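Understanding the architecture of this molecule
Here are the chains, one letter per residue:
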Amino acid sequence: MFNRCLDCALGKAAYITDLKDNVVALTTELEQLIAAKNDVMTRVLNAEHQHKMKRLNQVQLWLSSVETLKTEVDELMGRDGGSQEIDKLCLGGYCSRNCKSSYKFGRKVAKMLRDVRALKGDGVFEEVAAPAPESISVADERPTEPTVVGLQSQLEQVWRCLVQEPAAGIIGLYGMGGVGKTTLLTQINNKFVDNPTDFDYVIWVVVSKDLQLEKIQETIGKKIGLYTDSWKSKSLEEKAQDIFKTLSKKKFALLLDDLWERVDLKKIGVPLPKNSAVVFTTRFVDVCGGMEARRKFKVACLSDEDAWELFREKVGEETIESHHSIPQLAQTVAKECGGLPLALIIIGRAMAYKKTPEEWRYAIEVLRRSASEFAGLGKEVYSLLKFSYDCLPNDAIRSCFLYCCLYPEDYSIDKRDLIDCWMCEGFLEEDKFGTQNRGSHIVTTLVRACLLEEVEDDQVKMHDVVRDMALWITCEIEKEKEGFLVYAGSGLTEAPADVRGWEMGRRLSLMKNSIGNLPTVPTCPHLLTLFLNDNPLRTITGGFFQSMPCLTVLKMSDNIMLRQLPTGISKLVSLQLLDISYTSVTGLPEGLKALVNLKCLNLDWADELVEVPQQLLSNFSRLRVLRMFATGVGSYGRFSSRYVNVAEELLGLKYLEVLEITFRSFEAYQTFLSSQKLRSCTQALFLHEFCREESIGVADLADLEQLNTLYFRSCDWIKGLKIDYKDMVQKSRQPCVFRSLEEVTVDNCGNLKHLTFLVFAPNLKSISVRDCDDMEEIISAGEFDDIPEMTGIISSPFAKLQHLQLGGLGRLKSIYWKPLPLPRLKELTVVDCDSLEKLPLDSNSANGRRILIRGDEDWWRRLQWEDEATQNAFRLCFQSLDEL
């Protein structure tokens, strides 16, 4: 017993007496253990990275144990390495000034020293890794280009939706044919191969135009291990049940390529994704709605920079550098592709070994004059795009689409002009919904099919390659049926010499050229549409129209030099659309009364037009669209008295759907207001030279439910505008108070101190106020002092305002009495408004957007800002008019 007690006492005492030696030993042994661990780790990483092996479990366990022990030792030793406890020793290290503390510390050091030595002995491995079992990828890699130019950003966006967001759901990728939707989807698929995720299945299915649910089920069944001979013979519903049971327990990504219509996922057996995802490609944005896509991404054409990079890659550096002229010529060819990847690839490959400038110049000429003759375009590009054309709902919409190629390349087409032409060509059914609504629906259909692109709310345009495809269809595929002759934007200075070629033509476009005269008399027995607009036309020979018995649409707009219509125009008895807007024509001939079939007459901004024969307009009994906005406003007193009473002639036009009208007579204006029919179809109103002692009632304007554009010019109302704000508040609870008003212009109007009624126009996009000497405020707060109900209405007006122009308003002090968010404002121009020292802007108005502010340098320097942050936010937005 004595010996045992002695051994015990000596053993515990050793924790104190050996403490200093044990600390040194622990530090040394740990360093050796870490060195051994690093050697083993080097062998492991070499085996994994170079030989694709998998580390052994016992090796991984040892490495983890070493890391754990190292952490424990570091925590025990602290920053001073145990020197604090060693300093407590006394009597040569055989005792301690705090025996209890030194004992506990010494015991832990001794235990860790044993553990380090044990791990050191266990860390001898003959093998650290073994061959990895063949891994099963969740996705099957698909062939694709090694580099994808211009798609990387969208690839990352979609990938983040799939792997980072908690519920990716259904994602739609839409865009025109050949833009790279399938390439993008392929890149997403292959990213699953290269990047480990928690998805169990990634399933690729090509759907295509011929939708077959059984084939989709078959592809899914093969991927998830259901496909057998017996399973193949099951019914659609039974297969759907099997697929649902499997996928509902897994996380999956279903990639559907080339959807042309909605796919019912329930009928296939695909559970609606919660943690899973469905990604599809389509040419039609409507399919995104039908599929209830939570997110949709438009795959757009490439930027000029990316397009050049892709084109250069396909042509090859050897060819590009073969002649000093070729790089510039090659860039011209690339631009002809309009950023469409498929066209860039096909044309780039075709030009890969063209090493002379002459070959490149010839290619440019072919692409501009007859692109379908270029090798590969018709077969590989146009035929692909034609699928979208073929898939349009009916022949009428297909005809509407082809009609758009009459306009020049890269031309912004006014939607209303396009709809007018379609209506008069007979493409729009005259039903209870109205031709205008039908036309708007077709425009939307073509935009959603990615065959037209929206430029602004009121304009569309054709992509260059889509236009070339449409010309290919009209001139080659359906040449006899369509008979298109398109010279638009060709730089012609006179009509094409081959007038005989017009004989079989049905639609001829000479618009946007430099043609000054039309002296020849052509024979066009089948011609339906003739575009002469946007030329410097001065004269048209009197007999020019005499052999065009079927002509239905005649556009002569934007011929600013044209002052007189040819006498032979009265021979066009089949004419349904006549457009002489933006011309200098001074009078309409009496012979126009023969055009009894006219449905659309456009005289907008024919500001020199003063002579309109009496009863001419009432003679057009079939008229559906009459556009007379700003007609005759440049005449300055030479106005025909018969034209002043134009409103009386309009009362009998029972088919009228669209009216844009100008009044300079209060009596005519009153006649107009007395007709519910005329008020209901008025879209634009121009009041010119109204000089009255009485005021004009704004409430009358509020009753024009379709009023889109309002223009006051040279109106001198002694009492200004009459506004009963209490009545307006009552009307504001109804949908008819300026709900459609988008553009307001007030020019040279006296006695107007404010335009506060504009707060009742929630959809205003443009305001222009010029040369109104008495204008002090745009919106006056004092007008509502006695009307508490106005607080909510005027709290944040101009939510959709994009353009604000103010000029020649010497007394203007305020636009609005407090800062506004103005979330859509793009441009603000202020000229000669010396009293305006504050804008309704604060730092929140910028909100990451760039608003262009134009004005004089002196005015800009005098501006007062809410605070320094606001001034800094808009400092870079200013553009001095002195520099322009």
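Everything below is about the structure shown above.
Just so it is clear, the structure is predicted and the values come from calculations on it, not from any experiment. (Residues numbered from 1 in each chain as written. Predicted model: local features only at pLDDT ≥ 70, side-chain atom pairs only at ≥ 80, totals over all residues. Heavy atoms only, no water.)

Packing of helix α15 (residues 326–336) against helix α17 (residues 357–369) brings their axes to within 10 Å, and their N-to-C directions diverge by 20°. Our classification of the angle between α15 and α17 gives roughly parallel. Between α15 and α17 lies a crossing whose hand is left-handed. Residues Ile326, Leu329, Ala330, Thr332, Val333 and Glu336 of α15 form the contact with α17, whose own contacting residues are Pro357, Trp360, Arg361, Ile364, Leu367 and Arg368. Residues of the contact of α15 with α17, tallied by class, amount to eight nonpolar, one polar and three charged. (Axes fitted to C-alpha atoms, helices over the stretch in contact; angles between N-to-C directions. Helix = DSSP H or I, 4+ residues; strand = E, 2+ residues; numbered from the N terminus. Parallel < 35°, antiparallel > 145°, perpendicular 65-115°, else oblique. Left-handed = near helix turned anticlockwise from the far one by under 90°. Contact = heavy atoms within 4.5 Å. Nonpolar A, V, L, I, M, F, W, Y, C, P; charged D, E, K, R; others polar.)

Positionally, Asn513 belongs in the loop between β14 (507–509) and β15 (517–518). Of the residues examined, Asn513 reaches a relative accessible area of 8% and is grouped as buried. A distance of 2.9 Å separates a polar atom in the side chain of Asn513 from the backbone oxygen of Leu510. Only 3.2 Å separates the side chain of Asn513 from the backbone oxygen of Met511, close enough to count as a polar contact. Leave out the neighbours within four places in its chain, and Asn513 touches Tyr487, Ala488, Gly489, Ser490, Gly491, Leu492, Asp534, Asn535 and Pro536. (Buried < 20%, exposed > 50% of the residue type's maximum accessible area, 1.4 Å probe, protein only. Polar contact = N/O pair within 3.5 Å; in protein donor to acceptor, adjacent residues only side chain to side chain.)

With that settled, consider the nonpolar core. In this structure, Leu162, Leu173, Ile220, Leu254, Phe311, Phe401 and Trp422 are the most contacted members of the largest nonpolar core, which totals 135 residues. Sorting elements by how many residues they give to this core places helix α22 (residues 464–477) first, with seven residues. Each residue touching Leu173, except ones within four places of it in the same chain, is listed here: Val158, Lys181, Leu184, Leu185, Ile188, Val279, Phe280, Thr281, Thr282, Phe297 and Val299. The next biggest cluster of nonpolar side chains, apart from the first, holds 121 residues, and it includes Leu572, Leu710, Leu825 and Ile851. (Core = buried A, V, L, I, M, F, W, Y, C linked by side-chain atoms within 4.5 Å.)

Following the criterion strictly, the structure yields 33 aromatic pairs and no others. Measuring from centroid to centroid gives 6.2 Å for Phe311 and Trp360, while their planes differ by 80°, and the two rings are edge-to-face. A residue pair is termed long-range when its members are at least 10 positions apart, and Phe311 in helix α13 (residues 304–315) and Trp360 in helix α17 qualify at 49 residues. The pair Phe311 / Trp360 is uniform in exposure class, with both members buried. Pairing Trp860 with Trp865 gives two aromatic rings, centres 5.4 Å apart and planes at 70°, and the pair type is edge-to-face. Owing to a relative accessible area of 16%, Trp865 belongs among the buried residues under this scheme. One aromatic cluster is present, formed by Tyr403, Tyr407, Tyr411, Phe427 and Phe531 through successive ring pairs. Sitting over the face of the ring of Tyr227, Lys222 holds its NZ or CZ atom 5.1 Å from the ring centroid. Looking at Lys251, its charged tip hangs above the ring of Phe199, at a distance of 4.6 Å from the centre. (Phe/Tyr/Trp six-rings, centres within 6.5 Å; stacked < 30°, edge-to-face > 60°. Lys NZ or Arg CZ within 6 Å of the ring centre and 35° of its normal.)

In short, the description is geometric, and any link to function would need to be established separately.
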